[in-house]
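# Remarks on the overall topology
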Amino acid sequence: MHVRKYIEKYELSHYSGYAPNPELLNFIRKNTHTYTYYMWTCNTTFVAETVLKNERLFPLFEKIVTQTDVVLIKPEPEGFYTFYNTDEPLSSYLMIGDSLADENAAKAAGIDFFRIDYFSR
């Protein structure tokens, strides 16, 4: 618990903005009626909500799971299970991410993964 409080305090005091991925943001905006969106992030709730609200995407996400919502962060699959609907097959989920932790979390949860390389170009 002390580590989590430290991380929250650190993110709050060092937050200086973000770099958007326009391709991904446009995809989300254009496909609001096609897919159900969830966010599973290792960031704090403050950072996740700030970005989504700034981009006017906050209402499009069914659920947002941050590091403050789980005991074990990615690559552990705990975050996925907070929104996983057991009536839906795992094959109906796709995780989009840009890190090895994202890829390993998808693998641990048994779902497909699509790597985006926008920030490494």
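Relevant structure appears above.
Residues numbered from 1 in each chain as written. Predicted model: local features only at pLDDT ≥ 70, side-chain atom pairs only at ≥ 80, totals over all residues. Heavy atoms only, no water.

### A closer look at the overall build of the protein chain
Check the secondary structure of the protein chain and you find 5 helices and 4 strands. Seen in sequence order, the protein chain has helices and strands lined up from the N terminus as α-α-β-α-β-α-β-α-β. Computed over the C-alpha atoms, the radius of gyration of the protein chain is 14 Å, within 12% of the 14 Å expected from 2.2 N^0.38 for a compact globule of 121 residues. Dimensions of the protein chain along its principal axes, counting C-alpha atoms only, are 40 × 30 × 30 Å. Across the 121 residues in the protein chain, those meeting the buried criterion constitute 31%. For the protein chain, contacts bridging at least 24 residues in sequence account for 53% of all contacts bridging at least 6. Entry remark: accessible area of the protein chain is about 8,100 Å², with carbon and sulfur atoms responsible for 55%. Taken together, the 12 basic and 16 acidic charged side chains of the protein chain have centroids lying 6 Å from each other. (Helix = DSSP H or I, 4+ residues; strand = E, 2+ residues; numbered from the N terminus. Rg over C-alpha atoms; globule rule 2.2 N^0.38 Å. Buried < 20%, exposed > 50% of the residue type's maximum accessible area, 1.4 Å probe, protein only. Contact = heavy atoms within 4.5 Å. Areas by Shrake-Rupley, 256 points an atom, 1.4 Å probe, with all protein chains shown as cover. Lys, Arg positive; Asp, Glu negative; His and termini not counted. Charge placed at Lys NZ, Arg CZ, Asp CG, Glu CD.)

### Details of helix α3 (residues 45-54)
Of the positions making up α3, those classed as buried are Val47, Ala48, Thr50, Val51 and Leu52. In this structure, the buried residues of α3 make contact with α1 (2-14), β1 (37-40) and β2 (61-65). One or two positions beyond α3, positive phi appears at Arg56, with a value near 60°.

### Side note on the side chain of Thr41
Here Thr41 is to be found in the loop between β1 and α3. When its relative accessible area of 13% is taken as the criterion, Thr41 is described as buried. A distance of 3.0 Å separates the side chain of Thr41 from the backbone nitrogen of Asn43, its partner in a polar contact. (Polar contact = N/O pair within 3.5 Å; in protein donor to acceptor, adjacent residues only side chain to side chain.)

### Focus on the environment of Glu8
By the secondary structure assignment, Glu8 is in helix α1. Spatially, the C-alpha atom of Glu8 lies 24 Å from that of Asn104, the residues being 96 residues apart in sequence. Once residues lying within four places of it in the same chain are set aside, the contact partners of Glu8 are Thr44 and Thr68.

### What about the environment of Asn31?
Counting through the fold element by element, Asn31 comes out in the loop between α2 (22-30) and β1. The buried category is assigned to Asn31, whose relative accessible area is 17%. Sequence-wise, Asn31 and Pro59 are 28 residues apart; in three dimensions their C-alpha atoms are separated by 14 Å.

### Re the packing of aromatic side chains
Tallied over the full model, the rule gives 11 aromatic pairs. Between the aromatic rings of Tyr81 and Tyr84, the centroid separation amounts to 6.3 Å while the plane-to-plane angle is 75°, which identifies the pairing as edge-to-face. Its end group placed over the ring of Phe58, Lys53 keeps NZ or CZ at 4.9 Å from the ring centre. In this structure, Lys74 is placed above the aromatic ring of Trp40, and the distance from its NZ or CZ to the ring centre is 5.8 Å. (Phe/Tyr/Trp six-rings, centres within 6.5 Å; stacked < 30°, edge-to-face > 60°. Lys NZ or Arg CZ within 6 Å of the ring centre and 35° of its normal.)

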